[in-house]
Amino acid sequence: MSGDSLKRIARDLHTYLTQQQEAGMEWYLDEGPVDDPSPSTVAPTAPVPAPEVPVATDAPIEPVPAEPVAPKPPADKPKDLEFQMACDAFVRETINQIEQHRQTPVESDQADIFSEPEETVEPLTPEAKATTLAALAEQISSCEDCKLHSTRNQTVFGVGNPDAGLVFIGEAPGRNEDEQGEPFVGRAGKLLTDILKAIGFERDDIYICTTIKSRPPKNRDPERDEVQACEPYLKQQLAILEPKVICCLGRHAAMTLLGTRDSLGNLRKKVHIYEGIPVMATYHPAALLRNPHWKRDTWEDVRKLRALHDALLAETS
Ligand code: SF4
C-alpha cells in the first residue's frame, strides 16, 4: 500500500472519530467485539491523529501530536440541524397520530348508546405506583405459571422510577439478571446505561423491565407459551406505570408488546400505539455489542425518543 493510501486511511479515520466525539457519542466508541473480553482498543478519550499535511512523495508518515478536540454542541453542525429538523417533524407527526388515536371511537360489538359513560379513573400518585408495583413484584416472585419457574434463580421484575415518563422493555432476563434480580446488568446493561447518559438520563430517571420475568435456560428465546403466560404481568406493570412513551429493545420485546411478527428494521421506522401509549423500537444493547455498526441508527432512535418524551411531558405539565 502506498504512503498516500495510508495517509488517506488515517485521515478518514481521524475525521470519523472526530465526528463521533463531537456528537458526544462516547458509548458509540467504547465497546470492543462482544467475544473479546479485553479492554477496547479505541478509548473515547484517546488522542486522535491530526490530519496530515499532503506530501508529494511516499515518505514514511511522521506521527503528528494530537490536537485536543473541543466538544461542540451537536446543534452547531449543519448535519445535526438537519437531524434536529427531522426530529421536530417526527415529534409533531407522532403527537398528531396519538391525537387521532384518542379520537377514534373504540369498536365494540356490545356498543350501547344507553350504557353509562365510563368513569374517569384518577391517575395513581407516585407513592401509590411504587406500592402497587412492589405488591405485584412480590406476587410474581413465587409465580409458577410456566415451566421457566423450575430453572430460574429468581424472578426479575423491573427497576427504576415508578413515575417515569419512559419505560424500556427488553426481551428476557439473562444469566447476570437471573443472578442479581435486576434487568439489564452486565455488558449489555452497561451499554444501555451509556446510551441513556448520552440522551441525558440516569437509570433512576426511567423504568426498565422485560417482557417475561424468568430467565429461559441457556438464554434461549422465550417460547410462545412462556410469553403468553407472562404477558398479563407485563400488562399490569404498564397499567400501573402509565408511561408517556415506551421503547422496546429488540424485536422480541416489540413482537410481544405489539403482537406483530414484523422485522425490527420495519418496526423502527414508525411509532406504534399500545393502549394509547406511543411505542418505539430499537436495537437491543446485546445486539449492538455484536453489531457495532447498528449504533448509529440506535443513536438516532434514542435522540428521537428523548425528543418525543420531552414533548409529551411538556404537553401534560
Ligand atoms: S416467566 Fe412469567 S409466567 Fe413464567 S414462571 Fe416466570 S413469572 Fe411466571
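Every chain's residues receive numbers from 1 upward, in the order its sequence appears when written. Only residues with pLDDT of 70 or above have their local features reported here, since the model is predicted, and side-chain atom pairs are shown and tallied only from 80 upward, although totals for entire chains, interfaces and linings are computed over all residues. The basis for the side-chain values is all heavy atoms of the structure; hydrogens and waters are excluded.

Focus on the overall build of the protein
(1) Moving on: For the purposes of this entry, the term helix denotes a DSSP run of H or I that reaches at least four residues, the term strand denotes a run of E that reaches at least two, and both are numbered from the N terminus. A tally of regular secondary structure across the protein gives 11 helices and 6 strands.
(2) Moving on: The cut-offs for exposure are 20% and 50% of the maximum accessible area for each residue type, with area from a 1.4 Å probe on protein chains only; residues under the lower value are buried, those over the upper are exposed, and the others partly exposed. Here the protein holds 317 residues, and the buried ones make up 38% of them.
(3) Moving on: When contacts within the protein are restricted to residue pairs at least 6 apart in sequence, those whose partners lie at least 24 apart make up 75%.
(4) Moving on: About 18,100 Å² of surface is accessible on the protein, with carbon and sulfur atoms providing 53% of the total. We call two residues contacting when some pair of their heavy atoms lies within 4.5 Å. In these tables, accessible area is a Shrake-Rupley quantity obtained with a 1.4 Å probe, and a residue counts as shielded only by the protein chains included in the view.

Section: the layout of surface pockets
(1) Moving on: Whether a set of points on the 1 Å grid over the protein atoms alone is a cavity depends on a 1.4 Å probe fitting there but being unable to get out, while an open set qualifies as a pocket with protein on both sides within 12 Å along at least five of seven lines; lining residues are those with an atom within 4 Å of a point. Grid points are joined across faces, edges and corners, and a volume is the space filled by probe spheres set on the points. In this model, the largest pocket occupies a volume close to 860 Å³.
(2) Moving on: Around the largest pocket sit 32 residues that line it, and Ala188, Asn219, His284, Ala286 and Arg290 are the ones nearest its centre.
(3) Moving on: Those elements giving two or more residues to the lining of the largest pocket turn out to be helix H5 (175-180), helix H6 (186-198), helix H8 (251-258) and helix H10 (285-290).
(4) Moving on: Here the lining of the largest pocket takes 4 residues from H10, the largest share from any one element.
(5) Moving on: In this model, the second largest pocket occupies a volume close to 740 Å³.
(6) Moving on: Together, 24 residues line the second largest pocket, and Leu241, Glu242, Pro243, Lys244 and Ile277 are the ones closest to its centre.
(7) Moving on: Of all the secondary-structure elements, those providing two or more residues to the lining of the second largest pocket are helix H3 (78-103), helix H7 (224-241), strand S6 (277-282) and helix H11 (295-316).
(8) Moving on: Think of it as three bins: nonpolar holds Ala, Val, Leu, Ile, Met, Phe, Trp, Tyr, Cys and Pro, charged holds Asp, Glu, Lys and Arg, and polar takes everything else, Gly as well. Considered class by class, the residues forming the lining of the second largest pocket number 12 nonpolar, 4 polar and 8 charged.

Side note on empty space enclosed by the protein
Which parts of space are left empty comes out when a probe the size of a water molecule is rolled across the atoms.
(1) Moving on: Enumeration over the complete set of coordinates arrives at 1 cavity of 30 Å³ or more.
(2) Moving on: Cys143, Cys146, Arg152, Ser214 and Cys230 are, among the 16 residues lining the largest cavity, the residues nearest its centre.

Comments concerning the site of the ligand
(1) Moving on: In the vicinity of the ligand, the residues found are Ile140, Cys143, Asp145, Cys146, His149, Arg152, Lys213, Ser214, Ala229 and Cys230.
(2) Moving on: Placement in a cavity or pocket follows one criterion, namely that more than half of the molecule's atoms lie within 2 Å of its grid points. Among the detected pockets, the ligand sits in the largest cavity.
(3) Moving on: Residues that form the shell around the ligand fall into these classes: 5 nonpolar, 2 polar and 3 charged. Throughout, near means a residue has at least one heavy atom within 4 Å of the molecule or strand.

A word on unusual backbone geometry
(1) Moving on: Non-glycine residue Phe184 carries a positive phi angle of around 55°.
(2) Moving on: Locating Phe184 in the fold gives a position in the loop between H5 and H6.
(3) Moving on: Unlike most non-glycine residues, Asn219 shows phi in positive territory, near 55°.
(4) Moving on: Secondary-structure assignment places Asn219 in the loop between strand S3 (207-210) and H7.
(5) Moving on: Assessed through its relative accessible area of 46%, Asn219 is described here as partly exposed.

Focus: the pattern of salt bridges
Opposite charge on two side chains makes pairing possible when the charged atoms of those side chains draw close.
(1) Moving on: The working definition used for a salt bridge is a side-chain nitrogen of Lys or Arg within 4 Å of a carboxyl oxygen of Asp or Glu. Summed over all chains, the structure comprises 14 salt bridges.
(2) Moving on: The salt bridge partner of Arg203 is Glu182, with a shortest N-O separation of 3.5 Å. Placement of the pair is Arg203 in the loop between H6 and S3 and Glu182 in the loop between H5 and H6, with a sequence separation of 21 residues.
(3) Moving on: The closest approach of N and O atoms between Asp194 and Lys190, which form a salt bridge, is 2.9 Å. Taken together, the residues Asp194 and Lys190, both in helix H6 and 4 residues apart, mark about one turn of the helix.

These results come straight from atomic positions and should not be treated as a statement about function.
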